[in-house]
Amino acid sequence: MKYWVLVALAFCGNAFPQNVKIGELNSYKVFPAFLEPYKKGMELALAEVNAGGRIKLELVVRDDGGTPGDAVRVAEELISREKVNLLMGTFASNVGLAVSNLANQRKILFLASEPLTDKIVWESGNRYTFRLRPSTYMQTAMLVPEAARLKKKRWAIVYPNYEYGQSATASFKKLLLRAQPDVEFVAEQAPALGKIDAGAVVQALADAKPDAIFSSLFAADLQKFVREGNTRGLFRNTVVFNLLAGEPEYLDPLKDETPEGWWVTGYPWNELNTPEHRRFREAYQKRWQDYPRLGSVVGYTAVHAAAEAVRKAKSADTEKLVETLKGLEMRTPFGPIVWRAVDHQSTMGAYVGRLARRDGKGVMVNWRFADGADFLPTLEEVKGLRKE
Amino acid sequence: MSYSSVLIQFLNGLASASSLFLVAAGLSLIFGVSRIVNFAHGSLYMLGMYLAVWLSARIGFWAAVPIAALGVALLGLLIETLVLRRVYRAPELLQLLATFALVLIVRDFALWAWGPEDMLGPRAPGFAGAVQIAGVPFPQYDLLLILLGPLVFALLQLLLRKTRWGILVRAATEDREMAGALGVNQRWLFSGVFALGAALAGLGGALAIPREPASLDIDLSIISDAFVVVVVGGLGSIPGALLAALLIGEIKAFCIGLGYSKATLVVEFIVMAAVLILRPRGLLGRPQPAQRGTTGVEPPLPQPRWRVFAVLALLLALVPLAAGEYTLVLLTDILVFALFAASLHFIMGPGGLASFGHAAYFGLGAYAAALLLLRAQLPMEAALALAPLAAAAGALVIGWFCVRLSGVYHAMLTLAFAQIAWSVAFQWDTVTGGSNGMVGVWPAAWLASKAAYYLTALLLCALTVFLLWRALHAPFGYALRATRDSPLRAEAIGIDVRAQQWRAIVAAGFAAGLAGALHAFSKGSISPEALSVPRSVDALVMVLLGGVQTLSGPLWGAALFTWLEDAASRNIDYWRAALGAAILFLVLTRWRFSR
């Protein structure tokens, strides 16, 4: 008897579309290059989910002003005035951590789509926060096998002086030393974010006569570094590994300056022809008459993740969503991913390849997919980091 | 470092110095004549970059540079005649507010016109490669820049020394009223100088595109560099700007060359603080001539309408009965910023001490609260009570140095200290959590509900504002205003001017620290942004928006600014521009909140 009631209830649940309200907050005005494609990706996913009929998704999009204080206020507004079922978004790590901290306090699900900081799932991780993108640690780890294989001895490092650059550098040193104990780090340059004095930095790196360079520069800093390095011949006899430089957001502005042969993590959007990605790319281009950037994939996947969780949980209740997301498996344009139960990190991967110039544009060549699941520390290590 | 790399780093420093000089020279020129602290100078530089990149693709780099500079000059002329001309005679620092509004508008304009992606310009044709210097490749374009800086300097000197127009400009720099009395048409002089300054900013931007991409946040990053150069060199002094640009360019290049790249985060502000402490008017600055007649004597400060404010506080205390949670969150923010603005007003209005670094005290209070709670494991109530004392202690140190300076130099020294405090919070990972800051700064259980926290904030803010205002109408306040109105006479009747100002700064620091601590507990987290330049600028805008010589104005300014930001960012795509336009409207119509 009980069984039949349950079945009947389940049918009722399916008969009416489940209403879900997502509160999305992001620094649209501070990082527009990444976040405008992100927004387009979200809207594409929203249309797809709503066309499916089983769930009625509503997106409430807010600008978080790019500062933790404003972001927390905006999140409060989404929670108490808009009554959203879950929060999503944020870009900079400090904003992401502040909102994650609020989500834990207010007991609401937070899908951190963009922030890269390792802390959001490890040291500062909490029950209500889940993160989509491969973290700084994961992406750094993806570059290490190649770096170790080259058997270069003298490494120089350059990174933007804030948490992302610092933790990329620390992880890289640790992982490379483990793989190749005789390695030597001969120079370290940490210019302020967005304010690199590229000429002086390039000269200082050249002075150290490194065999290879590990860089985590991006955006304007990367462009300045590349141009000065090209002019001053820094890259002629030096192998360079650069985190994120293959992402269209950062690669496209380099145009004919694109340095050949750099090892990077990124997203080869035009060459990636798996069925799931081709379907995504065609839908995206049809809707926006523009090619997808990495931000597009992240926004698209984040909305689908929320929809998938609601579908599986058959509810928009926070606690049920949290339990459903733990270990949730889903498909993305980059292939299947799992939201790990142990640290709430998705196993979304990235592409590792080399840069090349084609028709005055930068592209990624000889790339391979690096599955996020293969580049995470052991479960014991992670459990030790999380303080729950 | 080998000899060759010392030489190359020296040349690198020269190249950066040249481009720094171009943008700083224009700023210094404009300040010298019109006394306008042109916040929008960085925006003009940014427009120069965008215009040059955009034009280069069409007419080539070398044609694009002069046209971009000219275009920016025309825009400068437009800004001067349509906006600034209307506020020259306005009291206070209203011009500053007007130029800040322009920053917001220009940034959104650039986003609308050129899109969000960074635009890397072409290499300069003819100067694309490198030459070998001491066996090291060095960019030809950097050599060209090294020559261009001094060339522009020489041309400017020629213009200012040898032409009639230049002589008039120098006369106006030295004594604007006298020049006016002698029949110099100030309108055209001011317009011309502003256009020339804008042209220099545009030229600087256009010449920078082979070295760095045009991006949307270049405006604020270049303006702080330019301010530092202008102040270190001495306001209004073109040779001083050249010298300061050289000093800062070389120090930065050698910081990097010697492996202290992390220091570049703050080194220019350390240089500025050192220079200002040793030479209060910059390297080559001259004493500013006394201004006659432009600002007028401030009327005595009226007593606030205590009863009105008591009723207002009572009404605010009743809000939780009727309003939803979010209203309380927003009102808590408004209360915190109202207290912050009131504390800045305390030294800026009655004290006459403008500050560009008031966020230092706000941030000190916030960080002290977080550290006491998380690291010292104190109860939240104790952390909240002790945090303002930490901010006051900070004010004790910073104030001691700052009261030795006046005017813009004073304001810039406060900025330098705020930046130094910011960089400490930013770098000291093990204690402050570095760039990420700290999370988990929540209030005690009995204050966890929004209503309880709101009422506490209301009580503390109202009480502190009451005490500040009470002090202003006590002998303390009369003495403070005396130091503003006439330091000489104040000294003569036995007021220790510096000590009086110092006390005021410490009191203001205490109040700002309380605002910071309340802010930290209302957000649950804290990061270096609480100490950053934009936070200081926000406070300045709130005070100026409300009217610096009114008592309650800053409170209304804070409420309006916070509410506008909240409402506009939710409903309008280009909300920065909308906010800028609203501020500009208020400035041009001389809006004043009631006393």
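Residues numbered from 1 in each chain as written. Chains lettered and ligands numbered in written order. Predicted model: local features only at pLDDT ≥ 70, side-chain atom pairs only at ≥ 80, totals over all residues.

### What to know about the interface of chain A and chain B
Note on interface size: it is often stated as the accessible area lost on association of the parts. What counts, and what does not: Any pair of residues counts as being in contact when their C-beta atoms, constructed from backbone geometry, are within 7 Å of one another. Put simply, DSSP H or I for four residues or longer makes a helix, DSSP E for two residues or longer makes a strand, and each gets a number counted from the N terminus.
In this assembly, 51 residues from chain A lie in contact with 53 residues from chain B. Those elements giving two or more residues to the side of chain A that touches chain B turn out to be α2 (32-52), β2 (55-63), α3 (68-80), α4 (93-106), α7 (198-207) and α8 (219-231) of chain A.

### What about the pairing of strand β11 (residues 329-332) of chain A?
Residues and elements named next belong to chain A. Basically, it comes down to this: If DSSP finds at least two bridges between two strands, the strands pair.
Here four bridges tie β11 to strand β12 (residues 335-338), and the two strands are oriented antiparallel to one another. Along β12, the bridge assignment pairs R331 with P336. Linking two consecutive strands that pair antiparallel, namely β11 and β12, is a turn of two residues.

### Some points on the nonpolar core
How we decide: In these notes, a nonpolar core means any group of buried Ala, Val, Leu, Ile, Met, Phe, Trp, Tyr and Cys residues linked to one another through C-beta atoms within 7 Å. Here the C-beta atoms are placed from the backbone, and a residue counts as buried if at least 20 other C-beta atoms lie within 10 Å of its own, exposed if 12 or fewer do, and partly exposed otherwise.
With 351 residues, the main nonpolar core has L87 of chain A together with L97 and A369 of chain B as its most contacted residues. In terms of residue count, helix α13 (residues 325-348) of chain B provides more of this core than any other element does, 17 residues in total. Among all residues touching A369 of chain B, those that are not within four sequence positions of it are A383, L384, A387, V441, A517, A520 and F521 of chain B.

### Looking at the domain arrangement of chain B
Residue and element names in this part refer to chain B. To keep it simple, the criterion reads: Source of the domain bounds: an automatic or database domain assignment. Asp, Glu, Lys and Arg are counted as charged, while Ala, Val, Leu, Ile, Met, Phe, Trp, Tyr, Cys and Pro are counted as nonpolar; the rest, among them Gly, fall into the polar class.
According to the domain assignment, chain B contains domain 1 (3-124 + 132-260) and domain 2 (306-588). The gap between the C-alpha centroids of domain 1 and domain 2 is 32 Å. Listed as interface residues are 24 residues of domain 1 and, on the opposing side, 21 residues of domain 2. Elements represented by at least two residues in the side of domain 1 that touches domain 2 include exactly α4 (94-114) and α9 (218-233). Residue contributions to the side of domain 1 that touches domain 2 peak at 13 residues, all from α4. Residues belonging to the side of domain 1 that touches domain 2 are distributed by class as follows: 19 nonpolar, one polar and four charged.

### Remarks on the domain arrangement of chain A
Residue and element names in this part refer to chain A. By domain assignment, chain A separates into domain 1 (2-134 + 273-349) and domain 2 (137-271 + 350-380). Averaged C-alpha coordinates put domain 1 and domain 2 at centres separated by 29 Å. Opposite the 22 residues of domain 1 that make contact, domain 2 presents 20 residues. Of all the elements in the fold, those that place two or more residues in the side of domain 1 that touches domain 2 are α2 and α11 (294-313). It is α11 that provides the largest number of residues to the side of domain 1 that touches domain 2, a total of three residues. For the side of domain 1 that touches domain 2, the residue count by class is 11 nonpolar, eight polar and three charged.

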